[in-house]
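Take a look at the letters that make up each chain.
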Amino acid sequence: MFDVAVVGGGPAGLSAALFTEKNGLDTVVFDTDETWMHHAHLFNYLGVRSISGSEFMEVARGQVDDRGVTRKQGEEVTSVEQDGDGFVVSTEDDDYETDYVVLATGDDSDLAEELGCEFKDDETVAVDVTMETSVEDAYATGAMVRNGEYEAVISAGDGGAAGLNILSKEKGEHFHDFDTPDDVPTLADETVEDED
Ligand SMILES: Cc1cc2nc3c(=O)[nH]c(=O)nc-3n(C[C@H](O)[C@H](O)[C@H](O)COP(=O)(O)OP(=O)(O)OC[C@H]3O[C@@H](n4cnc5c(N)ncnc54)[C@H](O)[C@@H]3O)c2cc1C
């Protein structure tokens, strides 16, 4: 049983997982590693001057691992179904119960369609700025919600918005993930340094 299941571990999915796990929600990410980032080199991600997409992914995966996200690398999600107040996320290995699901599968919207999410006329999944779909507690992010404008920083923003909205629901008020310099010792202590 997880609080949050994220399907897809590109910038959108890992960003959502970072926010939720960092703030106390037990989060799992399933990813088949076909992210477009492996074809990219970023010069347009604000705050990062130049980085290969694959290196970006290595840093991002380390970052979510540091915070304690359960990362099921290589495990493909075959279905997501509503189950009472939550969802069951299925793979060939197992079925996983979760309260919230974040779809972050790039431009592949098949799972959103199977789940019964509403689509817009342009065939993108219908969401508002919170990234919640027409199915309560199911979120969609990245290329599946955008008609052609889906750079990495935008996907990461979508994931963060989904994560924050889930946190706001759970905490019962608008939630902010604001760290200050005083938080550095605690969070840095939890950071696993590369061994070499
Ligand atoms: C050639 C090229 C160059 C690019 N250059 C830039 C650039 O310079 N700057 C920039 O900002 N962006 C660039 N991009 C775009 C950038 O890569 C995307 O915007 C970004 O990867 C989108 O992130 P995402 O998380 O939405 O989706 P993705 O990165 O596509 O991640 C989706 C993930 O979900 C996984 N997945 C899918 N289905 C399942 C399933 N059923 N179960 C489990 N996992 C699943 C996939 O394997 C994948 O890892 C480029 C893209 C390409 C192709």
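So, here's what we can say about the structure. Note that the coordinates shown come from a computational prediction; the quantities given were computed from them, not determined experimentally. (Residues numbered from 1 in each chain as written. Predicted model: local features only at pLDDT ≥ 70, side-chain atom pairs only at ≥ 80, totals over all residues.)

1. A look at the site of the ligand
Around the ligand, the surrounding shell holds 35 residues, and the nearest of these are Gly8, Gly10, Gly106, Gly142 and Glu151. Of all the secondary-structure elements, those providing two or more residues to the shell around the ligand are α1 (11–22), β2 (27–31), β3 (41–42) and α4 (152–171). Taken together, the residues of the shell around the ligand sort by class into 15 nonpolar, 14 polar and 6 charged. (Near = placed C-beta within 6 Å. Helix = DSSP H or I, 4+ residues; strand = E, 2+ residues; numbered from the N terminus. Nonpolar A, V, L, I, M, F, W, Y, C, P; charged D, E, K, R; others polar.)

2. As for the pairing of β2
Taking burial as the measure, the 5 residues of β2 include 5 buried ones, the bulk of the element. On β2, burial covers both faces: Thr27, Val29 and Asp31 on one face and Val28 and Phe30 on the other are all buried. Pairing geometry for strand β1 (residues 2–7) and β2, over 4 bridges, is parallel. Pairing of Val4 across the sheet is with Thr27, part of β2. (Buried ≥ 20, exposed ≤ 12 C-beta atoms within 10 Å, placed from the backbone. Pairing = 2+ DSSP bridges.)

3. Remarks on unusual backbone geometry
Of note, the phi angle at Glu123 is positive, near 70°, even though the residue is not glycine. Secondary-structure assignment places Glu123 in the loop between α3 (110–115) and β9 (138–140).

4. Notes on α1
The terminal C-alpha atoms of α1, which comprises 12 residues, lie 16 Å apart, in line with the 16 Å expected from a rise of 1.5 Å per residue. Of all 12 residues in α1, 12 are buried, a share of seventy percent or more. Every buried residue belonging to α1 is among Pro11, Ala12, Gly13, Leu14, Ser15, Ala16, Ala17, Leu18, Phe19, Thr20, Glu21 and Lys22, and all of these are buried. For α1, the secondary structure elements touched by its buried residues are β1, β2, α2 (53–67), β8 (95–103) and α4. Within two residues after α1, Gly24 carries a phi angle of roughly 95°, on the positive side. (Expected span 1.5 Å × (residues − 1). Contact = placed C-beta atoms within 7 Å.)

5. Examining the packing of α1 against α2
At a closest axis distance of 9 Å, the pairing of α1 and α2 adopts a crossing angle of 20°. One finds that α1 runs roughly parallel with respect to α2. Both α1 and α2 take part in a crossing whose hand is left-handed. On α2, the residues touching Pro11, Leu14, Ala17, Leu18, Glu21 and Lys22 of α1 are Ala60, Arg61, Gln63, Val64 and Arg67. Broken down by class, the residue content of the contact of α1 with α2 amounts to 6 nonpolar, 1 polar and 4 charged. (Axes fitted to C-alpha atoms, helices over the stretch in contact; angles between N-to-C directions. Parallel < 35°, antiparallel > 145°, perpendicular 65-115°, else oblique. Left-handed = near helix turned anticlockwise from the far one by under 90°.)

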